[in-house]
Amino acid sequence: MLNNDQALERAADAVARARRAGADAADAVFSADRSLSVSVRMGALEDVERSEAEELDLRVFVGKRSASVSTSDLSSDAIYTLVERVVAMAREAPEDQWAGLAPQDRLMHGAPPNLDLDDGAEVEPAALKVRALAAEEAARGVAGVTNSEGAGAGASRVQLALVTSHGFHGAYAQSSHGISASVLAGSGGAMERDHAHHSARHAAMLDSPEAIGRLAGERAVARLNPRKIASGAMPVVFDRRVSSGLLGHLMGAISGAAITRKTSFLLDALGTQIFAPGVTIWDDPHRPRGMRSRAFDGEGLPVSRMQIVREGMLETWLLESAAARQLGLEPTGHATRGGGGAPGVSPSNLYMEAGHVPAETLIGEIEHGLYVFELIGQGVNGVTGDYSRGAAGFLIEKGELTVPVSEVTIASNLKDMFLALTPANDLEFRYGINAPTVRIDGMTIAGA
């Protein structure tokens, strides 16, 4: 696999060719990906997959016109043809007054920070098979588990490089390791399914296969014999498995594209109270070994820890350069690239600060409510904020989790949900987006 210097050389060559072909400006992203995964089922090896891929994404500008292409054919002749074609495409593209590279005076200079994202491990299929088998065996060993959908283990390494024609060049590598298991409990028409997984940048940070397997089995058994509940308004508690999804809806609503197109339910919310005063949300791209850590953004701008929401107040949009120009603001270092085309935006390691109340207290104060650990469907309207999704979880009665519940729909509006949200104190950093258990009062439940 290529090192940083070699990856930078690939990207820089494409940019230089584009300039010679007549582009006024250009940037290129080079990525090299190597991955290996093993899956097992019922104690036997089911599949081994290995892949290696290299890709070049090239964007060129001719005046205010631009075009982008991607290729996995990195031969010199193919790059020559590609460059000629994309420059010709740009000359025929419509003008966009907001298009262009990131502001030159904002570019990151110097060596990128060392975020320890690459453990350099060379994992063999035999080792992954051992992990997968151990996870499935632990899951099947849970009393009540009757069948398995399998378990898997994987490892990957990605090398990334970005070069722009106006002075930025940067590269870094990141590794990833994962374990998962999925099993069924019960029999006949009363079977229930659940799973567990964990990913980490370093293999040494992974939960043990046995812990992942046991968790998958216990979750499946806990879902047995679900019942429906009567419809009505009641408090809903979101387990950490699903609470982070609320942050995802927030990010979509404050992205530059949603704001410039006026398609966000938070269109006029910048600088206003959108959560209760006890809610603060951070984006931290420099978290060591973080699942979404990055040394710079997709346009070569520096990144830094940032408060998205401070004590309930919305502090910023997520802006790449084009949206920032259109809004008369500065880019925020959230640009992302991938698969060609203009940059989009995305948070890095996003999280909601832990609250001050234990999850048990949030639940214990509820006379009649719903604890949700699974959400189904995509019933969220980003323009209006209307929220309606299928859900499964547990009934809360007199402050206790009692019977499993399925086939219900929870509904409200995200504006109301955000303002009514109370975070517990049980935040864990396990994924790219993390939130503690949260309670939202007054949601509408459609049950039996």
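Residues numbered from 1 in each chain as written. Predicted model: local features only at pLDDT ≥ 70, side-chain atom pairs only at ≥ 80, totals over all residues. Heavy atoms only, no water.

Draft legend 1. Structural detail: the overall build of the chain. Secondary structure summary: the chain contains nine helices and 19 strands in total. Compactness check: the chain gives a C-alpha radius of gyration of 24 Å against a globular reference of 22 Å for 448 residues, within 12% of the reference. Dimensions of the chain, computed from the C-alpha atoms along their principal axes, are close to 70 × 55 × 35 Å. Counting across all 448 residues of the chain, residues that qualify as buried make up 49%. Put simply, of all contacts in the chain between residues at least 6 apart along the chain, 72% involve residues at least 24 apart. Entry remark: accessible area of the chain is about 19400 Å², with carbon and sulfur atoms responsible for 48%. Of the charged side chains in the chain, 41 are positive and 56 negative; the average position of the first set lies 1 Å away from that of the second. (Helix = DSSP H or I, 4+ residues; strand = E, 2+ residues; numbered from the N terminus. Rg over C-alpha atoms; globule rule 2.2 N^0.38 Å. Buried < 20%, exposed > 50% of the residue type's maximum accessible area, 1.4 Å probe, protein only. Contact = heavy atoms within 4.5 Å. Areas by Shrake-Rupley, 256 points an atom, 1.4 Å probe, with all protein chains shown as cover. Lys, Arg positive; Asp, Glu negative; His and termini not counted. Charge placed at Lys NZ, Arg CZ, Asp CG, Glu CD.)

Draft legend 2. Representation of helix α4 (residues 209-222) within the structure. Over its 14 residues, α4 extends 20 Å from the first C-alpha to the last, a length consistent with the 20 Å expected when each residue adds 1.5 Å. For α4, the secondary structure elements touched by its buried residues are α3 (125-140), β4 (145-164), β5 (169-185) and β6 (192-200). (Expected span 1.5 Å × (residues − 1).)

Draft legend 3. Fine view of the sheet that holds strand β9 (residues 306-310). Reading across the sheet, the five strands line up as β10-β9-β8-β13-β18 and stay open at both edges, with mixed pairing between neighbours. The strands lining the two open edges of the sheet, one partner per strand, are β10 (313-314) and β18 (433-434). By the bridge criterion, three bridges tie strand β8 (residues 281-283) to strand β13 (residues 350-352) in an arrangement that is antiparallel. Counted as the bridge partner of Trp-282 is Tyr-351 from β13. (Pairing = 2+ DSSP bridges.)

Draft legend 4. Quick look at the side chain of Thr-280. Along the chain, the position of Thr-280 falls in the loop between α6 (256-260) and β8. Judged by its relative accessible area of 3%, Thr-280 is buried. Engagement of the side chain of Thr-280 in a polar contact is seen with the backbone nitrogen of Glu-311, the distance being 3.0 Å. Those residues in contact with Thr-280, other than ones at most four positions away along the chain, are Gln-307, Val-309, Arg-310, Glu-311, Tyr-351, Met-352 and Glu-353. (Polar contact = N/O pair within 3.5 Å; in protein donor to acceptor, adjacent residues only side chain to side chain.)

Draft legend 5. Quick look at the side chain of Ser-176. Within the secondary structure, Ser-176 is located in strand β5. For Ser-176, a relative accessible area of 18% corresponds to the buried category. For Ser-176, the residues in contact, after removing those within four places along its chain, are Gly-154, Ala-155, Ser-156, Ala-200, Arg-201 and Met-291.

Draft legend 6. Fine view of the pairing of strand β7 (residues 232-238). Of all seven residues in β7, five are buried; the element is thus mostly enclosed. The pairing of β7 with strand β19 (residues 438-446) spans six bridges and is antiparallel. Within the sheet, the bridge partner assigned to Gly-232 lies in β19 and is Ile-445. Across three bridges, the pairing between β7 and strand β14 (residues 368-376) is parallel.

Draft legend 7. Quick look at the sheet that holds β4. Read across the open sheet, the six strands follow the order β3-β2-β1-β4-β5-β6; overall the sheet is antiparallel. With one partner strand each, in any of the chains shown, β3 (65-71) and β6 form the two edges of the open sheet. Sheet twist, expressed as the average angle between the axes of neighbouring strands with direction ignored, equals 15°. In terms of strand pairing, β4 meets β5 through 17 bridges, oriented antiparallel. Bridge pairing in β5 links Val-163 to His-169. Sheet strands touched by helix α1 (residues 4-20): β1 (25-41), β2 (44-62), β4 and β5. Its angle to β4, the strand with the most contacts, is close to 55°. α3 rests against β1, β2, β4 and β5 of the sheet, and its axis sits at about 140° to β4. (Axes fitted to C-alpha atoms, helices over the stretch in contact; angles between N-to-C directions.)

Draft legend 8. The pattern of salt bridges, seen in detail. Considering all chains together, one arrives at 22 salt bridges under this definition. Note that Asp-27 is salt-bridged to Arg-337, the shortest N-O span being 2.8 Å. Highlighted residues: Asp-27 in strand β1 and Arg-337 in the loop between β11 (335-336) and β12 (344-345), separated in sequence by 310 residues. For Glu-428, the salt bridge is made with Arg-240, and the minimal N-O distance between the two is 3.6 Å. Of the two residues, Glu-428 is situated in the loop between β17 (421-423) and β18 and Arg-240 in helix α5 (residues 240-253); the sequence distance between them amounts to 188 residues. Note on Glu-428: relative accessible area 39%, which makes it partly exposed. On the basis of relative accessibility, which here comes to 30%, the residue Arg-240 falls in the partly exposed class. Within the structure, one salt-bridge network assembled from shared partners comprises Glu-192, Asp-194, Arg-223, Arg-241 and Glu-374. (Salt bridge = Lys/Arg side-chain N within 4 Å of Asp/Glu carboxyl O.)

Draft legend 9. The arrangement of the layout of surface pockets in detail. By volume, the largest pocket amounts to about 690 Å³. Around the largest pocket, the lining is made up of 32 residues, and of these His-195, Arg-219, Asp-239, Arg-241 and Phe-373 lie nearest the centre. Mapped by element, the contributors of at least two residues to the lining of the largest pocket are β6, α4, α5, β14, β15 (386-397), β16 (400-413) and β18. With six residues, β6 is the single largest residue contributor to the lining of the largest pocket. Per-class residue counts for the lining of the largest pocket are 14 nonpolar, five polar and 13 charged. In this structure, the second largest pocket occupies an estimated 450 Å³ of space. In terms of lining, the second largest pocket is formed by 24 residues, of which the most central are Leu-160, Tyr-172, Arg-294, Thr-336 and Arg-337. For the lining of the second largest pocket, the element with the most residues is β4, which contributes three residues. By residue class, the composition of the lining of the second largest pocket is nine nonpolar, eight polar and seven charged. (1 Å grid on protein atoms, 1.4 Å probe; cavity = no way out; pocket = protein on both sides within 12 Å on 5 of 7 lines; lining within 4 Å. Points joined across faces, edges and corners; volume = space filled by probe spheres on them. Nonpolar A, V, L, I, M, F, W, Y, C, P; charged D, E, K, R; others polar.)

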